[in-house]
Amino acid sequence: MPEGSTSRHLVAVLLAAAPLALWAGKDTHTYKLGEDVVVWTDKVGPYNNPQETYEYSTLGLCELEGEDIAVEQGELSIGESLEGHAFFSSPRLDIHFGQNKDLTKICNMQLTAEKAEALSTMINDNYWYQLYVDDLPIWAFVGEHSKFALDVSRFSMMYRDNNRSQQLPSAGSAPPVPKHLKGKPLPRIYTHRHFTIFYNAEQIIEVDMEPSNPWPIYPGAPLNFSYTVSWFPTIIEFKDRANRYLDPKFFEHKVHWFSIVNSFMLCLFLCAVVAIILMKTLKRDFTRYSASEAEELESMDGVGDESGWKQVNGDVFRRPDHLAIFTVVYASGCHLACTVFIVLIFAICNSYYASRGATAGSFVISYLCTVIVGGYEGGRVFRMFGGQQWKRTMALQCLFMPGLVFCSFVVINTTAIFYRATMTVPIKTIFIIIVLFLAVCVPLHTVGTLLGRRAAAEKSFPCRVHHLKRPIPTKHWAFTPIMTLVAGIVPFGCLFIEMYFILSAVWSHNKIYYVYGFMFAIILLLCLVIICVSITCTYILLNAEDYRWQWHSFVCCAATSGYVFLYTVHYFYSSTQMSGFLQTVYYFGTSLNFCIGLGLFCGSLGFIGASKFVFLIYSNIKAE
């Protein structure tokens, strides 16, 4: 195939992939009466460790075993692979659209001592499993601890109301327990499943599954698995079928609204502080700095007392230390900020919670497409401050974030491979991401860098940079650390309440975050707070005649991520019951990645605010 044709095909694939990720869930999912409805098994794991999941076959049950059935493995998108799904069809669950099914055998098996011990351990660890019917998830526990179980769910009540002359099907009485085990609290496994499916016209709207008939587990116990299916019509439309998985009482609680009000008030206060700096303090400074020598002698009795930020006008635009490193972190932060805003906008307009892997997939695609922003900002700032070896710096900018993620990915993925968990990312997905990175990120980043360098060539600093560095007055050793700590905690004040809702959604197996409007509002207010904090800190630093404002503005705002990481540690120990090496590695590895990204986001925004402020005030003075 010619090279041009290959390039056109690659571009076509990328353009086609974007809308699929951004508009997932548009499939009609229509069925004809009697058409097969496939039940997909997904994953199983301990309830307290939502990311410690394994393939459904780990249970060792007879449902997916045997030469008389053909188990089909489902294809995974990039987002589904990153979320740790593992789909295998369950042919023994023979469900047909619109047709009820009476008590039907799934399979029979006899527990060996090894399987009995494994199942007992899983049930004692509160193992749950996940199934999918027409892309609708179902969660259920493998078994129970207690001796008695009573099902009072609304689906069983509905079943009884519509079938008053019948009882819920039973697979028979429990098998006799050996004498030496009688009276002991044996764990029990659910051997019967009752599927209740609601439909509207030719589409499935709602699916529920009730596990029942718990049988004791011990070596030699015969297990007879069965299922029944009931279909009911409903008036709920297909576009609203995902709403039942949402939790408005939690996510739309008045505390959530309070977080926005809290952030708004904090933002208002900081805006007032910045306004005072700009309108009063700076106005007084400008008046003093613009006064003629005669006026100064008259008003100050001949004593010159110029001090403050004007004194560093010849050094304020001096190249910052370690410019290459600074532009790498700054460009990465700008890239992440653009990615986050695009994902949030599409999430608000297009209910991502209704589609598996949609958020993760859209984030990957947005990251690939917005890399040009990071390249532009990195190239612009690097040339603006007169950096050398721009090609090497461009390569570092392009590889920095992927390199950080890769390092943590190696640790997390290696641990997942050792445990044989579903969080293991397949080689195919890794290969696709690498190809997309080389085919999309590298060219776009190069183009962005060249555009940024061209833009920087057309601009100049308001003040000339002196050849000799001005000595920086000695400050108290705690000046910088205290300012950094205070500056970091202020933005955290408008973020920490929202962090609780985000963490609650991420670190649970069935809680879905869907209030993207709240998140977007919080992030907008966070951006305003960061800019105000950055301007305030920069003004204080320049008044101390310290011209190293570039790193200072970045670090002060990036310090917010340190408080967020401490909060994730607190959340792990106070609000979860997670345990085990795999879950701990995944939790803290993911949290560390998130906090590094947040630090880059906040630091870059802080530098942008400080840069605009510095350019503004120094373009309005008479440089000597």
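Everything here concerns the structure above.
Residues numbered from 1 in each chain as written. Predicted model: local features only at pLDDT ≥ 70, side-chain atom pairs only at ≥ 80, totals over all residues. Heavy atoms only, no water.

Enquirer: Can you help me understand the side chain of Thr-370 in this one?
Expert: Within the secondary structure, Thr-370 is located in the loop between helix H9 (358-369) and helix H10 (371-384). Residue Thr-370 is classed as buried on the basis of its relative accessible area, which comes to 4%. Engagement of the side chain of Thr-370 in a polar contact is seen with the side chain of His-335, the distance being 3.3 Å. For Thr-370, the contacting residues outside a window of four places in its chain are His-335, Cys-338, Thr-339 and Ile-342. (Helix = DSSP H or I, 4+ residues; strand = E, 2+ residues; numbered from the N terminus. Buried < 20%, exposed > 50% of the residue type's maximum accessible area, 1.4 Å probe, protein only. Polar contact = N/O pair within 3.5 Å; in protein donor to acceptor, adjacent residues only side chain to side chain. Contact = heavy atoms within 4.5 Å.)

Enquirer: Looking at this structure, I do not really get the state of the cysteines. What am I missing?
Expert: What we call a disulfide is simply a covalent bond connecting the sulfur atoms of a pair of cysteines. In this structure the tally under the stated criterion is 1 disulfide. A sulfur-sulfur distance of 2.0 Å marks the disulfide that ties Cys-62 to Cys-107. Every disulfide takes its handedness from the sign of the S-S torsion; for Cys-62 and Cys-107 that torsion is 80°, giving right-handed. A residue pair is termed long-range when its members are at least 10 positions apart, and Cys-62 in the loop between strand S3 (54-55) and helix H2 (78-82) and Cys-107 in strand S6 (residues 101-110) qualify at 45 residues. When sorted by exposure, Cys-62 lands in the same class as Cys-107, which is buried. Cys-441 takes part in no disulfide bond, and the closest cysteine sulfur to it belongs to Cys-398, at a distance of 5.8 Å. Note on Cys-441: relative accessible area 1%, which makes it buried. (Disulfide = S-S within 2.5 Å.)

Enquirer: Looking at this structure, I do not really get the packing of aromatic side chains. What am I missing?
Expert: Both the distance between ring centres and the angle between the ring planes are used here to describe each pair of aromatic rings. Tallied over the entire structure, the rule returns 36 aromatic pairs. The interplanar angle of 45° and the centroid separation of 5.5 Å between the aromatic rings of Tyr-47 and Phe-141 together place this pair among those described as tilted. Residue Tyr-47 is located in the loop between strand S2 (39-46) and S3, and its partner Phe-141 is located in strand S8 (residues 136-141); the two are separated by 94 residues in the primary sequence. Since its relative accessible area comes to 37%, Tyr-47 is described here as partly exposed. Judged by centre distance (4.8 Å) and plane angle (15°), the ring pair of Phe-317 and Phe-461 falls under stacked. Taken together, the positions of Phe-317 in the loop between helix H7 (293-299) and helix H8 (323-349) and Phe-461 in the loop between helix H12 (427-457) and helix H13 (479-493) put the pair 144 residues apart, joining distant regions of the chain. Residue classification places Phe-461 among the partly exposed residues on the basis of a relative accessible area of 22%. (Phe/Tyr/Trp six-rings, centres within 6.5 Å; stacked < 30°, edge-to-face > 60°.)

Limitation: the analysis is restricted to geometry and does not speak to function.
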